[in-house]
Amino acid sequence: GQQVMQIPQYQHVQEGEDFTTYCNSSTTLSNIQWYKQRPGGHPVFLIQLVKSGEVKKQKRLTFQFGEAKKNSSLHITATQTTDVGTYFCAGPTSTGNQFYFGTGTSLTVIP
Amino acid sequence: DAGVIQSPRHEVTEMGQEVTLRCKPISGHNSLFWYRQTMMRGLELLIYFNNNVPIDDSGMPEDRFSAKMPNASFSTLKIQPSEPRDSAVYFCASSFAYYTPKFNEQFFGPGTRLTVL
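Thresholds applied
- Residues numbered from 1 in each chain as written.
- Chains lettered and ligands numbered in written order.
- Predicted model: local features only at pLDDT ≥ 70, side-chain atom pairs only at ≥ 80, totals over all residues.
- Heavy atoms only, no water.
- Pairing = 2+ DSSP bridges.
- Helix = DSSP H or I, 4+ residues; strand = E, 2+ residues; numbered from the N terminus.
- Axes fitted to C-alpha atoms, helices over the stretch in contact; angles between N-to-C directions.
- Disulfide = S-S within 2.5 Å.
- Buried < 20%, exposed > 50% of the residue type's maximum accessible area, 1.4 Å probe, protein only.
- Contact = heavy atoms within 4.5 Å.
- Buried area = accessible area lost by both parts, 1.4 Å probe.
- Salt bridge = Lys/Arg side-chain N within 4 Å of Asp/Glu carboxyl O.
- Polar contact = N/O pair within 3.5 Å; in protein donor to acceptor, adjacent residues only side chain to side chain.

Another aspect to go through is the sheet that holds strand β3 (residues 19–24) of chain B. Residues and elements named next belong to chain B. In spatial order, the strands read β1-β3-β8-β7; together these 4 strands make up an open sheet with antiparallel pairing. Bordering the open sheet on either side are β1 (5–7) and β7 (65–71), each of which pairs with just one other strand. With direction set aside, neighbouring strand axes in the sheet form an average angle of 15°. Pairing of β3 with strand β8 (residues 74–79), which is carried by 5 bridges, proceeds in the antiparallel orientation. Looking at β8, one finds that T20 is bridged to K78.

Dropping the structure here:
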């Protein structure tokens with residue numbers, strides 16, 4: 001079954017509103033990576049977090065890795081139309097060679 | 001830098017035909033990944049190579065799927081015989097890893113959209 005779940009599956013926001021997507025893994029991850037895929041495009045790497053409880057910021061984007069290394073979140077402040085796309089978390093299990101992508105959250109920003 | 005190159009970009013074939021997808025990773029990268037993306041199943045890792053050696057192929061759906069990496073600059077994913085349920089976008093990605101298993105930033109190619117009629 002699916003190892004890494006994300007919620008919500010879809011999110012529509014007005015431009016300027018905040019947005020958060022949550023990522024939950026059934027197993028501990030060695031690290032967590034976030035990717036963005038624009039409609040019709042391919043996934044593009046955004047960031048990687050490695051340490052338990054780590055928080056990183058990229059301009060309006062804030063990424064967090066949970067203490068147990070089984071969950072993560074991406075928060076976007078004051079969304080813009082350029083933020084449209086699907087956001088995926090991904091990561092390798094800490095016990096083996098497996099690498100999983102999350103189910104993704106599709107963000108629509110209404111101007 | 002050309003990035004990850006995939007060919008063809010689009011492929012339409014009939015059920016039962018053999019399909020070969022091709023990938024050229026970024027020069028200097030030593031890890032290569034094949035993914036399949038569908039609406040129903042999302043992004044699935046099919047197989048990945050490190051230094052041209054397959055490390056984990058547990059995601060390969062069945063024996064109809066095979067992947068090879070004869071050298072550091074080329075990989076193929078073959079489906080024989082193809083079936084309508086194989087219709088999907090297939091992505092190839094590459095990265096650099098100091099050791100295995102190690103998963104760093106992956107650079108994705110533009111994908112091959114496969115339609116099996």
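Following the structure, the description resumes.
Scanning the entire structure with this criterion turns up 2 disulfides over all chains. Here C23(A) is linked by a disulfide to C89(A), with a sulfur-sulfur distance of 2.1 Å. Across the S-S bond of C23(A) and C89(A) the torsion is about 80°, and the bridge reads as right-handed. Placement of C23(A) in strand β3 (residues 19–25) and of C89(A) in strand β9 (residues 85–92) is noted, with a sequence separation of 66 residues between them. Among the residues examined, C89(A) registers a relative accessible area of 0% and is labelled buried. Put simply, C23(B) and C92(B) are joined by a disulfide, and their sulfur atoms are 1.9 Å apart. Classification of the bridge connecting C23(B) and C92(B) rests on its S-S torsion, roughly -65°, and on that basis the disulfide is left-handed. With C23(B) in strand β3 and C92(B) in strand β9 (residues 88–95), the pair connects residues that are 69 residues apart, well separated along the chain. You'll find C23(B) and C92(B) in the same group, each marked buried.

Turning to the interface of chain B and chain A, a few remarks are in order. Chain B puts 18 residues into the contact, and the matching count from chain A is 18 residues. For the pair chain B and chain A, the two sides together bury roughly 1400 Å², of which 56% comes from carbon and sulfur. On the chain B side of the interface with chain A, the three residues burying the most area are L43(B), F103(B) and F108(B), jointly 37% of the side's total. Across the contact surface, chain B and chain A share 0 salt bridges. Between the two partners, chain B and chain A, sit 3 residue pairs in polar contact (both at pLDDT 80 or more). Secondary-structure elements contributing two or more residues to the side of chain B that touches chain A are β4 (31–38), β5 (42–50) and β6 (53–56) of chain B. Broken down by element, the side of chain B that touches chain A gets its largest block of residues, 3 residues, from β5(B).

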